[in-house]
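Survey of secondary and tertiary structure
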Amino acid sequence: MSHLLEVQDLEVKFALRFGDITAIDGVSFVLDKGEKLGLVGESGAGKSVTGFSIINLISKPGYISKGKIFFKGNEISSYSDEKMRKIRGNRISMIFQDPMMTLNPVFTIGFQMVETLQAHRKISKADAQDIALEKLKKVHIPSPAQRLSQYPHELSGGMRQRIIIAISLLTEPAIIIADEPTTALDVTIQAEIMDLLQELCESDNMALILITHDLGVVSQVTEKIAVMYAGKIIEYGSTDQVVKNPIHPYTEGLIKSIPGTVIKPGEDLVQIPGMMPTLTNIPPGCAFNPRCYLKEAICTTKTPELKDAGNGILAACHLK
Amino acid sequence: MNEENTILSIKNVVKHFDISGGFLDQLRFKNGRIGLEKITVKAVNDVSLFVKKGETLSVVGESGCGKSTLARVVLGLYPPDSGEIHYGGTRIDNLSHEQMLPFRKKIQMIFQDPYASLNPRKTVQQTLEEPLRFHHPELSSNEINDKIEQVMEQVGVDQAWIKRYPHEFSGGQRQRISIARGLILDPEFIVADEPVSALDVSIQAQILNLLMKAGRERDLTYLFITHDLSVVRHISTRVAVMYLGTLCELAKAEDLFANPCHPYTKALLSAIPVVGEKRAKQIKLKGEVPTPVNLPTGCVFHARCVYANERCINQVPALLTQDNGTCVACHAVEENRVIS
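Since we're looking at a predicted model, the values are computed, not measured.

**Focus: the overall build of chain A**
The helix and strand inventory of chain A stands at eleven helices and twelve strands. Relative to the 2.2 N^0.38 estimate, which gives 20 Å for 320 residues, the radius of gyration of chain A is 21 Å and therefore close to what a compact globule would have. Seen through its C-alpha atoms, chain A measures out along the principal axes to roughly 65 × 50 × 40 Å. Counting the 320 residues in chain A, one finds 48% classified as buried. Within chain A, residue pairs in contact and separated by at least 24 positions form 63% of the contacts whose partners lie at least 6 positions apart.

Quick look at the structure:
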C-alpha cells in the first residue's frame, strides 16, 4: 500500500423503519501525500457522508455496510472506537461547514485549543499554549495572543473559520477533510480561506479532501476531482481535464449550468431537467438516466461501472 | 437622476435599526455618570437609485451591506427613516395602507428561502388564490382557477399537484410556486431577494431561466438582490454594488465586469472563483467589514482600501458619473489615483 488513504468499495447504509437505504454505493478513491481532492455534488449526493465515514463519524441509524478504508496501509475501517480516536482529530482532521456551530460558545479559544492537544498528547498546559499560539500565527490571525482568551462570539465568521483551521492543524495531521468550509462565508472571505488552505497544504505537505458543491472553488484548489451523484462517484480524474472536457453528461450539465462558463449573459442557461432522485427512489440502471439527454435502452437496465474514458478520467456512463 | 422610462426611483433613502433594547439594556456608566445610550445599526445610508422599465437591476454586496433592507424599503415592508420612494411618478413610501393597495398589485416580491416563505398549512391552490381573491374580489371561482392553471403552467409546476402542501415539494419546486405567487397578479415590477441562493446548481439554472423567460414574456422589471456575482453577470442590465449601507458603484453589467472602477468592486470581482481557471491574482483587502453600528468616518471603505488618504478618512465621496455612464463614489477614482 503506497497510498496515504485508500477507500475501497465503500458502502454506507441508513437503517430506517421501512428498510435500509443506501447513501453511499461502492465509492472508491485514493489520496496521496500532499494531494488535494475535491468531492463535488449536489445536496444529497453523498459527499459529506463519504467524508464522515473516513473517520467513522457516521452515527446511528447509519452504518458502514461494506468496503475498506486504509490509512498508511492500516485498515482503519476495522478499528475499535478507542483506536479510532487516536486517528480522528489527530492524524486526520475535519473542518465543518458552519464556523458558528463548530466552536463551543462557553469556552475560550485558548481552552478549546489546549483541550484538543491534551486529548492527543501528554503535554503541559504552557507547552500546549505555545503550540496553539504558533498555529494561530500560521493561519494569519491578527494579535494571536489576545485571541486565546477570547470567546467565539467575539470573532467574525471568517475569523472563526481560521481558528477552526488552526485547531485542525494543532496535531499536524496528514489529511484534512474540509466539508463545505466556505459555504457560510462571503466571497472575499472565501477566497482568503481557500488561499490559506492551499498554502498550508503546500507548506506542510498535507493532503486535503475538499467537499463542496462549488465547482469554481474546486477547480481552483484541487488537483483531482470526484463528482458524485445519488451515492456514487460518476466521474473521477484530474480536475483540469474533468472541468475542461467532462465525460459524464451530468458533469457536463453541471458545468454548463453555471452562469458564465459557456453561455453568454442574457441567454438561457443549459439546464438539466428534473432533479436528483431521493435515495429511497433511485431509478434502476444509471441513476441519472431520467435526466440524461443521451439516454438509451441500456441505461435503464444496467448500472454503469466506472471505466477509463481517456485523458486519465474514469467515468460511469455506458455511452462514453 | 431622473431619466426617461424610470419606473422606480429611490431617493436618499436612510434606514437605521434601533437594537439597544429596553431601558435597562440602554443604561451605561460613563465618566462617572449614568446615562442612556442608544445603539443603532446603520443598514442603509443615503442610497439613491433609479430602475428603468424592463431592465434587471441587480444589487450586490456581502452579507450585512444593506441590500435586503433596501429591497424591503422599496416594497414598504420597512418604512424609510428619511428619503423617498417613487413608483411610476407617485411617491409611495408615505402612503396609508389603503392608498398602497394598488401598488401592491404592481410590485411583488420573491423571497430567498422557499422553505420559509410558503405557508406550510396552505395547499398550492390556497397559496395562489389568496392574492387573487384579495385584490380582485370581482373574479369568479372559474376565472380564478383558469388564472392559477395558466400561471402554474408557466412556472412548470404540474397542475395535478394543486392540492398538495409545500412539504411535499423539493426546494426547486417550492421556489417555482413562490414565483407563481409573485406572477399571479400580473405585476409590473418584481423584487427578488436572493431567489436562487438556497438551491443546488442544476436547479438554480432552471429557476434563472424561468425568471428570464417570465421577464421577457411579461415585460417585467426586476430588482434583483444577490451576493452571487456569476448570477449577476448573467441576468443583469445594470448592477449596483453596495458596501456597508452605501452605494459604491453603479454601472452597466458588461462595463462593471470588464472594467470595475471602485477599489471594492475590483476586490470583489477578483475573488470570484471561475470554473476551469486557476485563480488569477486576487486583490487582498485589509481587515474585515466593520460593523454597521459604528460606521467609519468619510468613505466607509477607507480602512480596507489601498488608495485611502487623508481626504478619504474625512470626506464622504459623492457618487460621480464617469464618461462611460458608470457612477462611482470614490475620491481615488475622481483624482485618478487608481491604477487599473
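Here the narrative resumes, following the displayed structure.
**A closer look at unusual backbone geometry**
Most peptide bonds take the trans form, and the phi angle of most residues other than glycine is negative. Residue and element names in this part refer to chain A. For the peptide bond that leads from Lys60 to Pro61, omega is 5°, which places it in the cis range. For Pro61, the position within the fold is in the loop between α1 (47–54) and β4 (62–71). Backbone geometry places Asn56, a non-glycine residue, at a positive phi of 50°. Note on placement: Asn56 falls in the loop between α1 and β4.

**Comments concerning the domain arrangement of chain A**
All names here are of chain A. Domain parsing of chain A yields domain 1 (5–222) and domain 2 (246–320). Relative to domain 2, the C-alpha centre of domain 1 lies at a distance of 29 Å. At the junction of the two partners, domain 1 supplies seven residues and domain 2 supplies six residues.

**What about the sheet that holds strand β4 (residues 40–52) of chain B?**
Residues and elements named next belong to chain B. Read from one edge to the other, the open sheet built from four strands follows the order β4-β1-β6-β7, with strand pairing classed as antiparallel. Of all strands in the sheet, those with a lone pairing partner are β4 and β7 (90–91), marking the two edges. Sheet analysis places strand β6 (residues 82–87) next to β7, joined by two bridges and oriented antiparallel. If you follow His86 over to β7, its bridge partner there is Arg91.

**Observations concerning the interface of chain B and chain A**
Opposite the 33 residues of chain B that make contact, chain A presents 32 residues. The set of elements that each furnish at least two residues to the side of chain B that touches chain A consists of α7 (201–218), α8 (229–235) and α10 (263–270) of chain B. Per-element tally for the side of chain B that touches chain A: the top contributor is α7(B), with eight residues. Residues that form the side of chain B that touches chain A fall into these classes: 16 nonpolar, eleven polar and six charged.

**Quick notes on the sheet that holds strand β8 (residues 107–110) of chain B**
Residues and elements named next belong to chain B. As summarised here, the arrangement of the eight strands in space is β8-β9-β10-β5-β11-β12-β14-β13, forming an open sheet in which the pairing is mixed. Of all the strands in the sheet, the pair left with one neighbour each is β8 and β13 (320–321). As paired elements, β13 and strand β14 (residues 327–328) share two bridges and run antiparallel to each other. Opposite Thr321, over in β14, you have Cys327 as the bridge partner. Sheet strands touched by helix α6 (residues 171–183): β8 and β9 (189–193). Its angle to β8, the strand with the most contacts, is close to 175°.

**Some points on the packing of helix α4 (residues 109–120) of chain A against helix α5 (residues 125–138) of chain A**
Residue and element names in this part refer to chain A. Remark: α4 packs on α5, axes separated minimally by 9 Å, with the N-to-C direction vectors making an angle of 110°. As summarised for this structure, α4 and α5 are arranged roughly perpendicular, according to the angle between their axes. Handedness of the α4/α5 crossing: right-handed. Judged by residue contacts, Gly110, Met113, Val114, Leu117 and Gln118 of α4 engage Lys125, Ala128, Gln129, Ile131 and Ala132 from α5.

Cut-offs applied
- Residues numbered from 1 in each chain as written.
- Chains lettered and ligands numbered in written order.
- Predicted model: local features only at pLDDT ≥ 70, side-chain atom pairs only at ≥ 80, totals over all residues.
- Helix = DSSP H or I, 4+ residues; strand = E, 2+ residues; numbered from the N terminus.
- Rg over C-alpha atoms; globule rule 2.2 N^0.38 Å.
- Buried ≥ 20, exposed ≤ 12 C-beta atoms within 10 Å, placed from the backbone.
- Contact = placed C-beta atoms within 7 Å.
- Domains from an automatic or database assignment.
- Pairing = 2+ DSSP bridges.
- Nonpolar A, V, L, I, M, F, W, Y, C, P; charged D, E, K, R; others polar.
- Axes fitted to C-alpha atoms, helices over the stretch in contact; angles between N-to-C directions.
- Parallel < 35°, antiparallel > 145°, perpendicular 65-115°, else oblique.
- Left-handed = near helix turned anticlockwise from the far one by under 90°.

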